[in-house]
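Structural overview for review
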Amino acid sequence: MSEKLRRHIEEIVTLTDEEFEYVFSHFTYREFLKNQYVIQEGDYVRNDYFVLSGLLKSWSIDDKGKAHIVLFATENWWVSDPQAFHNQTKSILNVDCLEDSKTLAISLESREKLCTEMRKMEYFFRKKTTAGYIASQQRILSLISFNAKERYEYLLQQYPGLLQRVPKSLIASYLGITRETLSRLTSQQP
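A brief look at the structure comes next. Please read all numbers here as calculations on a predicted model, not as lab measurements.

In strand S7 (residues 94–97), alternate side chains face the same way, and those of Asn-94 and Asp-96 on one face and Val-95 and Cys-97 on the other are all buried. Of the pairings in the sheet, the one linking strand S2 (residues 37–39) to S7 comprises 2 bridges and is antiparallel in character. Note that in S7 the partner of Ile-39 across the bridge is Val-95. Bridge analysis of strand S4 (residues 56–61) against S7 gives 4 bridges, and the strand direction is antiparallel. Within S7, the residue paired with Ser-58 across the bridge is Val-95.

Below is the structure:
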């Protein structure tokens, strides 16, 4: 469990064994069952979650009751409601598990402490936040400028193997298309 986090961090910065042990001491191991909420809309968001194993989705419901999937979080992804986490406010998103999931949670207080005390971790979290911002921008642009086929191909690029793990209705919701359109797109794949 700790080795997965260490490999993830060391894709960006190198830590000594002592540094990593100190970093790891700021995380809490959390397991969630399939269909269990990690964050529910209206709750205060205390943690950001690094996914060790499993699959989670972040989503919201519009005023007409329609669910909109913001992202899927697979192994080595981070998931939370960023706005609520960083502002320590109530969540506008839901995060729940599509599979039994194992995570490492870090509170904002612990994250800030690590960033203040260790320049390497400040750099790591800045790089991860920037990457998340860029991914969000790319997702928005794909929704407003790509056709259904291009969005589908982008999904396959971003989430290899996801189609085998997620119900087609959720994939369609993520892509902003109907289930029928998704069926046509999947039948066209070699």
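Text resumes after the structure shown.
Bringing the sheet that holds S7 into the picture now. With antiparallel pairing, 4 strands are arranged side by side in an open sheet as S2-S7-S4-S5. The outermost strands of the open sheet, each flanked by one partner alone, are S2 and strand S5 (67–73). Looking at each pair of strands side by side, their axes are set apart by 30 degrees on average, direction ignored. Seen against the sheet, helix H7 (residues 168–175) touches S4 and S5 and runs at an angle of roughly 100 degrees to S5.

On to helix H6 (residues 148–158), then. Along H6, the positions that sit buried rather than exposed are Arg-151, Tyr-152, Tyr-154 and Leu-155. Viewed along the axis of H6, the buried residues span an arc of 160 degrees, placing them on a single side of the element. Where H6 is buried, its residues contact helix H5 (119–145), H7 and helix H8 (179–187). Between a side-chain oxygen at the N-terminus of H6 and the backbone nitrogen of Lys-149 the separation is 3.0 Å; the capping residue is Asn-147.

Turning to the sheet that holds strand S8 (residues 101–107), a few remarks are in order. Here we have 4 strands laid out as an open sheet, ordered S1-S8-S3-S6, and antiparallel in their pairing. The open sheet has two edge strands with one neighbour each: strand S1 (28–32) and strand S6 (78–79). Relative to S8, S1 runs antiparallel, the two sharing 5 bridges. Counterpart to Glu-31 in the pairing with S8 is Lys-102. The sheet contacts of helix H1 (residues 2–9) involve strand S3 (47–53), S6 and S8, and relative to S3 the element is tilted by about 110 degrees.

The rules we used
Residues numbered from 1 in each chain as written. Predicted model: local features only at pLDDT ≥ 70, side-chain atom pairs only at ≥ 80, totals over all residues. Heavy atoms only, no water. Buried < 20%, exposed > 50% of the residue type's maximum accessible area, 1.4 Å probe, protein only. Helix = DSSP H or I, 4+ residues; strand = E, 2+ residues; numbered from the N terminus. Pairing = 2+ DSSP bridges. Axes fitted to C-alpha atoms, helices over the stretch in contact; angles between N-to-C directions. Contact = heavy atoms within 4.5 Å. Arc of directions from axis to C-beta. Polar contact = N/O pair within 3.5 Å; in protein donor to acceptor, adjacent residues only side chain to side chain.

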